[in-house]
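Residue-level structural notes
Here is what each chain is made of, one letter per residue.
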Amino acid sequence: AVNANEMNGAGNLMDFLDEPFPDVGTYEDFHTIDWLREKSRDTDRHRKITSKSKESIWELIKSLLDAWSGWVVMLLIGLLSGTLAGVIDLAVDWMTDLKEGVCLSAFWYSHEQCCWTSNETTFDDRDKCPQWQKWAELMTGHAEGAGAYVLNYFLYILWALLFSFLAVSLVRVFAPYACGSGIPEIKTILSGFIIRGYLGKWTLLIKTVTLVLAVSSGLSLGKEGPLVHVACCCGNLFCSLFSKYSKNEGKRREVLSAAAAAGVSVAFGAPIGGVLFSLEEVSYYFPLKTLWRSFFAALVAAFTLRSINPFGNSRLVLFYVEYHTPWYMAELVPFILLGVFGGLWGTLFIRANIAWCRRRKTTQLGKYPVLEVIAVTGITAVLAYPNPYTRRSTSELISELFNDCGALESSQLCDYINNPNMSRPVDDIPDRPAGPGVYTALWQLALALIFKIVITIFTFGMKIPSGLFIPSMAVGAIAGRIVGIAVEQMAYHHHDWIIFKNWCRPGADCVTPGLYAMVGAAACLGGVTRMTVSLVVIMFELTGGLEYIVPLMAAAVTSKWVADAFGKEGIYESHIQLNGYPYLDVRDEFTHRTLATDVMRPRRNDPPLAVLTQDSTTVEDVETLIKDTDYNGFPVVVSRESERLIGFVQRRDLTLAIKNARQKQDGVVSSSVVYFTEDAPQLPASNPQPLKLRRILNLSPFTVTDHTPMETVVDIFRKLGLRQCLVTRSGRLLGIITKKDVLRHMAQMMNQDPESIMFN
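Keep in mind it's a predicted model, so treat the numbers as computed, not measured. (Residues numbered from 1 in each chain as written. Predicted model: local features only at pLDDT ≥ 70, side-chain atom pairs only at ≥ 80, totals over all residues. Heavy atoms only, no water.)

Turning our eyes to something else, we now look at the overall build of the chain. When helices and strands are counted, the chain shows 29 helices and 11 strands. When its C-alpha atoms are laid out on the principal axes, the chain stretches across 120 × 60 × 55 Å. Here the chain holds 760 residues, and 54% of them are scored as buried. For the chain, contacts bridging at least 24 residues in sequence account for 74% of all contacts bridging at least 6. For the chain, the exposed surface amounts to about 34,100 Å²; the carbon and sulfur share of it is 60%. For the chain, the centre of its 70 positive side-chain charges and the centre of its 73 negative side-chain charges are spaced 5 Å apart. (Helix = DSSP H or I, 4+ residues; strand = E, 2+ residues; numbered from the N terminus. Buried < 20%, exposed > 50% of the residue type's maximum accessible area, 1.4 Å probe, protein only. Contact = heavy atoms within 4.5 Å. Areas by Shrake-Rupley, 256 points an atom, 1.4 Å probe, with all protein chains shown as cover. Lys, Arg positive; Asp, Glu negative; His and termini not counted. Charge placed at Lys NZ, Arg CZ, Asp CG, Glu CD.)

Here it is as structure tokens:
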């Protein structure tokens, strides 16, 4: 009787794991999450809350709060990301102008704000006012002359170097993850990879501050990509406030998908484009519920930005344009040619930039990030200052290139020769011959185009926040404006040609160069990122040019086709590959005729698979196995002779369970037997206390047979987001396939180095 009681007592002790312990089910840094496991955990949690809600009013209120927590998180993300974007826009405006001069009436005003408040500003000289003084005028009293020009030039370079030095130093010291655009890493994180600290509070703070400094320094980079990273940091921050998201990595990724939409919404003032960008370009798993929530987050973010009104024009966007003429069918030819240019530029940029980044990774250059940033900033500032189109901020340049030449425009690009006999309404100006200002502008734009193409290759990927949207759009807008002016002048001088006869009558306005700039910008951005639907929607939201959707679509599709002919990967996928992140692209096709048995481990000459048995492994055996191997988990079999599969146990859960049992359960020693069975056998009292770990065993691991085609296996990994898959034959375990095995095999099939598919 005594023995029986002792044995029953032992049985009760072994069930201590029926209560979950801290950190079980969590993941190590640089590991992939198990989507199926996260989904089933959320379903269990939801089922528990629903059943409890029927017990009392308080439980019902708690279940309602749980249901609404998703919308609350979206609201908070929208408010914070919209506010940060507004602050960044205002700070960038002020600091960009600070390189050239200062406002005497209030030093925190940008050039434009300074002259708005002035009473002496005339319409012709709206950018000149006594309150705004350039540095040379302030220091020496002379505004004109060679001395003033040299002093302004020198101070422009000095400010640029100071801003970029501060940016790279802050990133290097406080938040190394704040560099780059962040979109390749966000894509990888959303596919289920864990990079701890990438979306942390420090990264958010440093990225926001250094983004302002980097853009203000005049480098060829934009703030749009980094704003997606900033918004995802906001999303991660608010996830930690709700256990529903903080304890479930799968649910957290749904929030981050919506945060990415809010980021693009505030970057471009394009809420619908933001949702489509998240769906097309960034997200891996995008259920319908996430679509609605993304829409709400993007709406709140756009509304917040509109309330701050950073551009002072009561609009969400910087590039709002109004064209007064329609486009004609014959113009599709130059639009498609701009699409071809965009595709070629995208290919050139990706190849050159990846080659340069690889060189940075593998040579001494990578050890001196501060020097590299200083050198590139110095070269950029020295070459940019003499050309008025590269001296100003890239956003202002694009805005001017998109602009239509109205009667009130003072830009050099609008220096046309007017006909004194012309008496027409102001907003309908006919085509006119180009004046000397336009020809000067064309030369300067051609030089600016070459400069932007070359310098952007070396700028993207440095250790500072750097977006690619704006520089790509600038390259396309410059090329587009040059083509637009050429077509316009051809139509004016040869309006009797058969192609112009139908739509260009003398004295009529028939070609809009600004539209060509807009189409060129879309083509180049599409060539680099390979976006299509979201790109077109972002472009028409960005400019308000809804009736020009067909030219934008034609250019976007052409640029994608041309760029895809040279290589399927866009810039973000290329950087994911370069960094060796385990990212399984949904768009990649696998067409090779291989089987699961060709890919699974162990291979022919490898040691046998590391497994645990259900009732004959001791604690010491388990600890030795954990110490000697670095696998993420171990299959559990009935016995080594039968190799019949029972389930799969995660390495981290196993380590935590044994550590917890040693602390809390008396009698667990190295010789204690670990049981993964439902009921432990009756043991004599002299035996050491056994340890029951069935609670942490996954009884439904995903399995395939050894003759399953790899095409199907790859599809399963993509659609279910698996970490690993076990290979069996007639219920007997043969091997294991992990996500990295799949990636290595795909690389091998494409004649690439399979060892590059490791996080480095």
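By size, the foremost hydrophobic cluster in this structure holds 154 residues, and its most contacted members are Phe-402, Met-473, Met-539 and Ile-737. Contact partners of Ile-737, with chain neighbours within four places excluded, come to Ala-596, Val-599, Met-600, Met-710, Val-713, Phe-717, Gln-724, Cys-725, Val-727 and Val-742. Of all hydrophobic cores here, the second largest spans 20 residues; its members include Val-619, Val-636, Val-649 and Ala-661. (Core = buried A, V, L, I, M, F, W, Y, C linked by side-chain atoms within 4.5 Å.)

The subject of this paragraph is the pairing of strand β11 (residues 732-738). For β11, a buried count of five out of seven residues is recorded, marking the element as mostly surrounded by other parts of the structure. For strand β10 (residues 724-729) and β11, the ladder comprises six bridges, and the chain directions are antiparallel. Residue pairing in the sheet places Arg-729 in a bridge with Arg-732 of β11. Counting the residues that bridge the hairpin from β10 to β11 gives two residues, and of these Ser-730 lies at a positive phi of roughly 55°. (Pairing = 2+ DSSP bridges.)

Under the counting rule described, the total for this entry stands at three cavities of 30 Å³ or more. Quantified by volume, the largest cavity comes out at close to 90 Å³. The wall of the largest cavity is formed by Thr-26, Tyr-27, Glu-28, His-31, Arg-37, Tyr-631, Asn-632, Gln-650, Arg-651, Arg-652, Asp-653 and Arg-723. Examining the composition of the lining of the largest cavity, we find that three residues originate from one element, helix α27 (residues 651-664), more than from any other. Of the residues that constitute the lining of the largest cavity, the class distribution is two nonpolar, four polar and six charged. (1 Å grid on protein atoms, 1.4 Å probe; cavity = no way out; pocket = protein on both sides within 12 Å on 5 of 7 lines; lining within 4 Å. Points joined across faces, edges and corners; volume = space filled by probe spheres on them. Nonpolar A, V, L, I, M, F, W, Y, C, P; charged D, E, K, R; others polar.)

Further remarks concern unusual backbone geometry. Between Arg-601 and the following residue, Pro-602, the backbone shows a cis peptide bond with an omega angle of 5°. Within the secondary structure layout, Pro-602 lies in the loop between α25 (596-599) and β3 (612-613). Positioned with a positive phi, Glu-643 is a non-glycine residue whose angle comes to about 55°. Mapped onto the elements of the fold, Glu-643 is located in the loop between β5 (633-637) and β6 (645-650). Even without glycine at this site, Ser-730 takes up a positive phi of about 55°. As for its placement among the helices and strands, Ser-730 is situated in the loop between β10 and β11.

To continue, consider the domain arrangement of the chain. A common way to state how big an interface is: give the accessible area lost once the parts meet. By the assigned domains, the chain splits into domain 1 (95-174), domain 2 (176-310), domain 3 (329-403 + 412-417 + 428-576) and domain 4 (596-654 + 696-750). One C-alpha centre belongs to domain 2, the other to domain 3; they are set 26 Å apart. Taken residue by residue, the interface counts 33 residues in domain 2 and 33 residues in domain 3. Summed over both partners, the interface of domain 2 with domain 3 buries about 2,700 Å², with 68% contributed by carbon and sulfur atoms. Among the residues domain 2 hides against domain 3, the three largest losses belong to Leu-219, Ser-220 and Phe-268. Together they make up 26% of the total. The interface formed by domain 2 and domain 3 contains 11 residue pairs in polar contact (both at pLDDT 80 or more). Those elements giving two or more residues to the side of domain 2 that touches domain 3 turn out to be α7 (183-190), α8 (201-216), α9 (224-239), α11 (249-268) and α12 (271-282). The element best represented in the side of domain 2 that touches domain 3 is α12, accounting for seven residues. (Domains from an automatic or database assignment. Buried area = accessible area lost by both parts, 1.4 Å probe. Polar contact = N/O pair within 3.5 Å; in protein donor to acceptor, adjacent residues only side chain to side chain.)

Spanning 18 residues, helix α23 (residues 549-566) covers 26 Å between terminal C-alpha atoms, matching the ideal 26 Å at 1.5 Å per step. Inspection of α23 places Pro-551, Leu-552, Ala-554, Ala-555, Ala-556, Thr-558, Ser-559, Val-562, Ala-563 and Asp-564 among the buried residues, and these make up the whole buried set. Those residues of α23 that are buried are in contact with α14 (332-362), α21 (513-529) and α22 (533-543). (Expected span 1.5 Å × (residues − 1).)

Now for the pattern of salt bridges. Two side chains with opposite charge may pair up if their charged atoms get near one another. Here the structure, examined in full by the defined rule, presents 24 salt bridges. Between Asp-42 and Lys-251 there is a salt bridge; the shortest N-O distance is 3.9 Å. Here the residue Asp-42 occupies a position in helix α2 (residues 35-52), and Lys-251 occupies one in helix α11, the gap between them amounting to 209 residues. Like Asp-42, the residue Lys-251 is buried in the burial classification. For Arg-47, the salt bridge identified is with Asp-44, shortest N-O distance 3.1 Å. Of this pair, Arg-47 and Asp-44 are both found in helix α2, three residues apart, which corresponds to roughly one turn of the helix. Accessibility expressed as a relative area gives 53% for Arg-47, which makes it exposed. Residue Asp-44 is classed as partly exposed on the basis of its relative accessible area, which comes to 42%. (Salt bridge = Lys/Arg side-chain N within 4 Å of Asp/Glu carboxyl O.)

With their axes 7 Å apart at the nearest point, α9 and α11 run at an angle of 140° to one another. Here α11 runs oblique to α9, going by the angle between their axes. Crossing of α9 against α11: the hand is right-handed. Mapping the contact onto sequence places Glu-224, Leu-227, Val-228, Ala-231, Cys-232, Gly-235, Asn-236 and Cys-239 in α9 and Arg-252, Val-255, Leu-256, Ala-259, Ala-260, Gly-263, Val-264, Ala-267 and Phe-268 in α11. Residues of the contact of α9 with α11, tallied by class, amount to 12 nonpolar, three polar and two charged. (Axes fitted to C-alpha atoms, helices over the stretch in contact; angles between N-to-C directions. Parallel < 35°, antiparallel > 145°, perpendicular 65-115°, else oblique. Left-handed = near helix turned anticlockwise from the far one by under 90°.)

Right, let's get into the UniProt feature "domain: CBS" (unreviewed entry) in the chain. Annotation from UniProt places "domain: CBS" (unreviewed entry) at residues 600-664 and 697-755. A distance of 39 Å separates the end C-alpha atoms of residues 600-664, which is 37% helix and 23% strand. (UniProt positions renumbered as here; feature names shortened; annotations may be inferred.)

The strand order across the open sheet built from three strands is β9-β10-β11, with neighbouring strands paired in mixed fashion. Looking along the sheet, the strands with just one partner apiece sit at the ends: β9 (703-705) and β11. Adjacent strand axes in the sheet meet at a mean angle of 35°, parallel and antiparallel pairs treated alike. Here β9 pairs with β10 via three bridges, running parallel.

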